[in-house]
Amino acid sequence: MKKIRQPIIAVLGHVDHGKTTMLDRIRNTRVAEKEAGGITQHIGATEVPIEVVKQLAGPLLSLWKGEIKLPGLLFIDTPGHEAFTSLRARGGSLADLAILVVDINEGFQPQTIESIEILRKYRTPFVVAANKIDRIKGWKIVENEPFLVNIKKQDQRAVQELETKLWELIGKFYELGFQANRFDRVQDFRRELAIIPVSAKYGIGLPELLVLIAGLAQKYLEEKLKIEVEGPARGTILEVREEVGFGTTIDVIIYDGTLRKDDIIVVGGKDKAIVTKIRALLKPKPLDEIRDPRYRFDQVEEVSAAAGIKIAAPNLEEALAGSPVIAARTEEEIERAKREILEQIKSVIISTDKVGVIVKADTIGSLEALSKELQEKNIPIRKADVGNISKTDVMEALSVKEEEPLYGVVIGFNVKVNEDAEEVAKAKKIPIFVGNVIYKIIEDYEAWVKAEEE
Ligand code: GTP
Ligand code: NA
Ligand code: MG
């Protein structure tokens, strides 16, 4: 039986720009109203039923002609801190749609730009929530109301300040190659980025944001969201974590099919596919905090896409965050899943004797994001692997240097440089570019190349 699943919506943006507050506000409104059939909290994700969207949206829903067939929206919160690029990248690659949250008073910040790069890389459509408009001087707060209701209550000065700040944002997007506009001035949502001025704290503009997201998903993603609900589940590992009483567990977003407690799952390990039997499917209690390690879980028998779930199973110690999870019910399905996963790992962990740079990263997700970025810039890769930078990496870069000095470098994301590697690099003059903001590492490398060429 086919059904339309909830679109997976990643919330991305710079640290403290209001991502979690926005999701909290959407949840709280619901709790405050004490309606039946509340919001479900998944691992790393919040499910908002379509009735809630409809309620919050009110009369705005008529903006979208026709009936909304989506069962709801599944939001993934991601951390804005720079150390979490790989989690952001996983959120971004998993998402059908995204909300980029930008504090309108602070404008673009490093993780704003990184989020945009991630969305661009994975071709994820997104809208922009220009947050904290309540901080605009003289703004009169009309809580829980649409932006278009709020704007009518403001005096000329506040309106002007908002417009100025919006223009600054639009200009920044333009520099990055995006045509952006205030949502109510957008002509064609396929070509223009919609900016919704919001206040997550006071619930301003959230009705429009929800309607826009639901409408865009329904209009442009309906085919993609149609899934065979009974089929074996497919998902992506968000995080691999120890859980008291359960050992190593994986937090997974399921985007297709149904996962049952007695399923076999195949997941990616560093250089192998791990086949294991599920011990427990664990679901946090409704409204529990996302990454709070103290939540008490409910054990469930099965879960259908789209959903976030913690899976306890043996032999997950070497599972890789960012790798696929495929459920299998027959020998044949297991073999097929193993082949598919090995192929995917091989497409990210590269080992060649080409003339190219050496790439290292902390997880397979961040390695994929970094490699993609390099490939897009036509920078050839000789080797890409997970782990700290070792002496072997530097020696390989040295052998590349003899053929092409500009590629005789090691590029690392969120990894350490081993002591002996550092020594050899110094002695042999092999540059090492490390950091925890992908685009900055690449900028550093490009600046070095430019300097070398002059
Ligand atoms: P990270 O997860 O750390 O990246 O941050 P975040 O983007 O989830 O931001 P968070 O929701 O934690 O909010 C950061 C701070 O901004 C908190 O003190 C919020 O209360 C405040 N904040 C969020 N939204 C608004 C808003 O609309 N208006 C005002 N005035 N403050 C806000
Ligand atoms: Na924060
Ligand atoms: Mg947060």
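Residues numbered from 1 in each chain as written. Chains lettered and ligands numbered in written order. Predicted model: local features only at pLDDT ≥ 70, side-chain atom pairs only at ≥ 80, totals over all residues. Heavy atoms only, no water.

Peer 1: Any chance you could break down the sheet that holds strand β21 (residues 350–351) for me, citing the residues and the numbers?
Peer 2: With respect to topology, 5 strands assemble into an open sheet ordered β21-β23-β22-β24-β25, the strand pairing being mixed. The sheet terminates laterally at β21 and β25 (432–435), the two strands that pair on one side only. Packed on one face of the sheet, helix α9 (residues 364–376) meets β21, β22 (357–361), β23 (381–386) and β24 (410–413) and runs near 150° to β22. Each of β22, β23, β24 and β25 touches helix α10 (residues 391–403); the most contacted strand, β23, lies at about 170° to it. (Pairing = 2+ DSSP bridges. Helix = DSSP H or I, 4+ residues; strand = E, 2+ residues; numbered from the N terminus. Contact = heavy atoms within 4.5 Å. Axes fitted to C-alpha atoms, helices over the stretch in contact; angles between N-to-C directions.)

Peer 1: Describe the confidence of the model for the protein, and please don't skip the residues or the numbers.
Peer 2: For the protein, per-residue confidence averages 89 on the pLDDT scale, and 93% of positions sit at 70 or higher. The low-confidence segment residues 30–37, where pLDDT is below 50, has 11 contacts with residues more than four positions distant or belonging to other chains. Considering only residues more than four positions removed or in separate chains, one finds that residues 287–294, a stretch of pLDDT under 50, has 21 contacts. (pLDDT = per-residue confidence, 0-100.)

Peer 1: Tell me about the pattern of salt bridges, and please be specific about residues and values.
Peer 2: Taken as a whole, this structure holds 26 salt bridges when the rule is applied. Taking the shortest distance from any N to any O, the salt bridge between Lys69 and Glu222 comes out at 3.1 Å. Placement of Lys69 in the loop between α2 (50–57) and β5 (72–77) and of Glu222 in helix α7 (residues 206–225) is noted, with a sequence separation of 153 residues between them. Lys383 is the salt-bridge partner of Asp393, the closest N and O atoms lying 2.6 Å from each other. With Asp393 in helix α10 and Lys383 in strand β23, this pair connects stretches of sequence that are 10 residues apart. Accessibility classification places Asp393 together with Lys383 in one group, the buried group. A network of salt bridges, in which partner residues are shared, links Lys360, Arg382, Lys383, Asp393 and Glu396. (Salt bridge = Lys/Arg side-chain N within 4 Å of Asp/Glu carboxyl O. Buried < 20%, exposed > 50% of the residue type's maximum accessible area, 1.4 Å probe, protein only.)

Peer 1: Report on the sheet that holds strand β20 (residues 324–328), specifying residues and quantitative values.
Peer 2: As summarised here, the arrangement of the 8 strands in space is β15-β14-β20-β11-β12-β19-β16-β17, forming an open sheet in which the pairing is antiparallel. Strands with a single pairing partner mark the edges of an open sheet, and in this sheet they are β15 (273–277) and β17 (297–300). Across the sheet, the mean angle separating the axes of adjacent strands is 40° when strand polarity is ignored. By the bridge criterion, 6 bridges tie strand β12 (residues 247–256) to strand β19 (residues 307–312) in an arrangement that is antiparallel. Each bridged residue has a counterpart across the sheet, and for Ile254 the counterpart in β19 is Ala307. Contacting β11 (234–243) and β12, helix α3 (residues 85–94) crosses the sheet at an angle of about 155° to β11. Strands in contact with helix α8 (residues 331–348) are β11, β14 (264–268), β15 and β20; relative to β14, the strand with the most contacts, it is inclined by about 15°.

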